[in-house]
Amino acid sequence: MQASVNQKGEEMVLQKSAENTLKNLSARSMLLLVCSLGVLTLFTLIKIIIMAASSDMNPFLTSIYYFAGRGAEPVVNAVAGLFIFVFLVFSAFSVLLIYRGGKRNDVKSVKAGLRMLKGILTYALIMSIVFILVSLSSVSVMYQAAAIEHNVHMNDMPSMIDAARYANVGGMSSYSLFVGTVFFGAILIVSILFFSCFISAVNNTLSCQPAGTSSCIASLIVSCVGAFVFFLFFFKDLGELVMPSEIGSTIQFTYVGGAITDVILTAALTTFFAAVIWLAFYYQSGIQAARRAAAPYFTYPFTQPPVTNQNRPPQRPSANYRQVTVNTTAEPVNNNNNDSKDNNEKSSEKETNQTDK
């Protein structure tokens, strides 16, 4: 009996969790996620165009610049940016598909968007590993270039100029590039893995299957860290826009345009992680609300609690009520005994009267 009650309660928890999750996928946090990804996609494309036009070098791609030779910077920037742009396009499309499916209560559309998003995250994981390896190679190139610049003889000016070109790129040395690669690479890989697990948990919840909350909590923590980091970078890029650290002989439009896009990109990334925080919080709250709704199935031994005005099962009779019932049923028995005693006394009196006569 109790096992069937618990099974009924678990089924209700899974059903209510699926309903709450589908409802939360059409909430404002999901709309904010769609908008932030759309802004990221658009301004990433603008950033790629500016980088290709300016021929500026990215320190994370220094090794590719070195092996590709001089003049290959626009092509390298465009190719590397297109990999990121493809990821953002498909991510925005899958998130939009999930949001529209949630608005229409279309579970199939939502699951299709979740599968697409998980596949895109797998692509992002592979590309992240490749970029980390390229960045570590860039650390080696910059370190060797700095050593060559320091040790080369003054008479060998071409070697010194070539070494100085790759010794310090984008205001970063080999040590700062190594720290940035390890820090951001670790955050990126961990975030992708946690988000993939979180997407799997949401998919299982929509399928009325048990799903743990550990991936949701981990995604919540990673999103908080990401939102804080990019919030700080937003103010850093804003300062670079207002007061540039490097000023050339002329005012360059590419620098101003790149600085503006950097400010917008960091703001969009901060908004993206904030939206993920709210989304994970609402997902966890939906599961807790489902458990509260199914609490009567675990508290009372009824397979189907009848619905009352308060949506609660009826209470058991109290012990006092039972005692009163026993007392009231016992009273007629006592009265019958008293009546039999009175009848016996009356019959004995009649017998004595007859003997006296």
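Here, every reference points to the structure presented above.
Parameters at a glance
- The numbering scheme is per chain: residues are counted from 1 as the chain's sequence reads.
- For this predicted model, a pLDDT threshold of at least 70 governs which residues receive local features, and a threshold of 80 or more governs which side-chain atom pairs are given and counted, while totals over whole chains, interfaces and linings are taken from all residues.
- Excluded from the side-chain calculations are hydrogens and water; all other atoms, namely the structure's heavy atoms, are used.
- Secondary structure is summarised from DSSP: a helix means a run of H or I of at least four residues, a strand means a run of E of at least two, and numbering begins at the N terminus for each.
- The rule is simple: take the accessible area with a 1.4 Å probe, protein chains only, and divide by the maximum for that residue type; under 20% is buried, over 50% is exposed, in between is partly exposed.
- Computed by Shrake-Rupley with a 1.4 Å probe, the accessible areas treat only the displayed protein chains as cover when residues are assessed.
- As used throughout, the charge tally considers Lys and Arg to be positive and Asp and Glu to be negative, leaving His and the chain termini uncounted.
- For this document, the term salt bridge refers to a Lys or Arg side-chain nitrogen within 4 Å of an Asp or Glu carboxyl oxygen.
- Residue contacts are defined here by distance: any two heavy atoms, one from each residue, within 4.5 Å place the two residues in contact.
- In the analysis that follows, any N or O atom pair within 3.5 Å is treated as a polar contact, provided that within protein one partner can donate a hydrogen and the other can accept it, and provided that, for residues neighboring in sequence, both atoms belong to side chains.
- Here a patch means residues that are over 30% exposed by relative accessible area and free of salt bridges, tied together within 9 Å if like-charged and within 5 Å if nonpolar (Val, Leu, Ile, Met, Phe, Trp, Tyr).
- Only buried residues count toward a nonpolar core. Its members are Ala, Val, Leu, Ile, Met, Phe, Trp, Tyr and Cys residues joined through side-chain atoms within 4.5 Å.

Asker: How would you sum up the overall build of the protein? Please name residues and give values.
Answerer: Broken down by element type, the protein carries eleven helices and zero strands. Put simply, the protein runs from its N terminus to its C terminus through helices and strands in the order α-α-α-α-α-α-α-α-α-α-α. Put simply, the protein has 357 residues, and 35% of those count as buried. As displayed, the protein offers around 21,300 Å² of accessible surface, 64% of which is attributable to carbon and sulfur atoms.

Asker: Outline the side chain of Asp237, supporting the account with residue identities and numerical values.
Answerer: Here Asp237 is to be found in helix α8 (residues 214–242). It is Lys236 that comes nearest to the buried, bridge-free Asp237 among opposite-charge side chains, at 4.3 Å. Beyond its immediate chain neighbours, meaning those up to four positions away, Asp237 contacts Asp262, Val263 and Thr266.

Asker: How would you explain the pattern of salt bridges if you had to name every residue and give the values?
Answerer: Throughout the structure, instances matching the rule amount to one salt bridge. Between Asp262 and Lys47 there is a salt bridge; the shortest N-O distance is 3.0 Å. Residue Asp262 is located in helix α9 (residues 253–293), and its partner Lys47 is located in helix α2 (residues 28–54); the two are separated by 215 residues in the primary sequence.

Asker: Tell me what's going on with the environment of Thr261, and back it up with residues and numbers.
Answerer: Tracing the backbone through its elements, the reader meets Thr261 in helix α9. With 20 residues separating them in the primary sequence, Thr261 and Leu241 have C-alpha atoms 9.8 Å apart. Here Thr261 is in contact with Phe43, Ile46, Lys47 and Ile50, once residues within four sequence places are set aside. At 2.7 Å, the side chain of Thr261 forms a polar contact with the backbone oxygen of Gly258.

Asker: Lay out unusual backbone geometry with the relevant residues and their values.
Answerer: Residues other than glycine seldom take positive phi values, yet Asn105 does so here, at roughly 55°. Turning to its location among the elements, Asn105 is positioned in the loop between α4 (73–103) and α5 (107–151). With a relative accessible area of 57%, Asn105 lands in the exposed category. Unusually for a residue other than glycine, Cys208 sits at a positive phi of about 60°. Among the structural elements, Cys208 can be located in the loop between α7 (174–206) and α8. Looking at Cys208, the relative accessible area reads 30%, which means it is partly exposed.

Asker: I'd like a description of a nonpolar patch on the surface, backed by residues and values.
Answerer: Together, Phe228, Phe231, Leu232, Phe235, Leu238, Val242 and Met243 make up an exposed nonpolar region whose accessible area comes to about 730 Å². You can see Leu232 is positioned in helix α8. Among the residues examined, Leu232 registers a relative accessible area of 47% and is labelled partly exposed.

Asker: Describe the nonpolar core, naming the residues involved and giving the relevant values.
Answerer: Ranked by size, the top nonpolar core spans 39 residues in total, and within it Leu25, Met30 and Leu33 carry the most contacts. Contributions of two or more residues to this core are made by α2, α4, α5, α7, α8 and α9. By residue number, the principal contributor to this core is α9, which donates eleven residues. When sequence neighbours within four positions are dropped, the list of residues in contact with Leu33 reads Val95, Phe272, Ala275, Val276 and Leu279.

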